[in-house]
Amino acid sequence: MSVEEFESIALVAGVGGLIAFMVFIMWDLAKKSNAGKFGSFILFTALGLGLLGFVIKTVLVEMIEKT
């Protein structure tokens, strides 16, 4: 396994782990604040959109670099 392959795998695993941790933080925040169903929906929507924006930006940058 070359260094480039390892870095690529480690980057995907690391970012994936951070995304999973952020989702856990959002869930824990909703649970501890007794936000209810609507409050949890708003919390996941607001914080999830920022997370989704990061993922979309990463995909777009990869697509642009390949062309």
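Whatever comes next refers back to the structure up there.
This section reports on the structure supplied with the text.

What follows is about the environment of phenylalanine 44. By secondary structure assignment, the location of phenylalanine 44 is in helix H2 (residues 36–66). Judged by its relative accessible area of 31%, phenylalanine 44 is partly exposed. With 14 residues separating them in the primary sequence, phenylalanine 44 and alanine 30 have C-alpha atoms 8.5 Å apart. Here phenylalanine 44 is in contact with Val23, Met26, Trp27 and Leu49, once residues within four sequence places are set aside.

Let us look at the pattern of salt bridges. Tallying each qualifying case throughout the model produces one salt bridge. The salt bridge involving aspartate 28 is made with lysine 32; its shortest N-O contact spans 3.4 Å. A residue pair is termed a helical-turn pair when its members lie 3 or 4 positions apart in one helix, as aspartate 28 and lysine 32 do in helix H1 (residues 3–32) at four residues.

The phi angle at asparagine 34 is positive, at roughly 50 degrees, despite the residue not being glycine. On the secondary structure map, asparagine 34 appears in the loop between H1 and H2. Relative accessible area serves as the criterion here: at 68%, asparagine 34 is assigned to the exposed category.

A few words now on the layout of surface pockets. Considering only enclosed or pocket space, the largest pocket measures out at about 220 Å³ in volume. Within the residue set of the lining of the largest pocket, elements represented by two or more residues are H1 and H2. Tallying contributions element by element places H1 first for the lining of the largest pocket, with six residues. When the residues that make up the lining of the largest pocket are grouped by side-chain class, the tally is six nonpolar, three polar and one charged.

Calculation criteria
Residues numbered from 1 in each chain as written. Predicted model: local features only at pLDDT ≥ 70, side-chain atom pairs only at ≥ 80, totals over all residues. Heavy atoms only, no water. Helix = DSSP H or I, 4+ residues; strand = E, 2+ residues; numbered from the N terminus. Buried < 20%, exposed > 50% of the residue type's maximum accessible area, 1.4 Å probe, protein only. Contact = heavy atoms within 4.5 Å. Salt bridge = Lys/Arg side-chain N within 4 Å of Asp/Glu carboxyl O. 1 Å grid on protein atoms, 1.4 Å probe; cavity = no way out; pocket = protein on both sides within 12 Å on 5 of 7 lines; lining within 4 Å. Points joined across faces, edges and corners; volume = space filled by probe spheres on them. Nonpolar A, V, L, I, M, F, W, Y, C, P; charged D, E, K, R; others polar.

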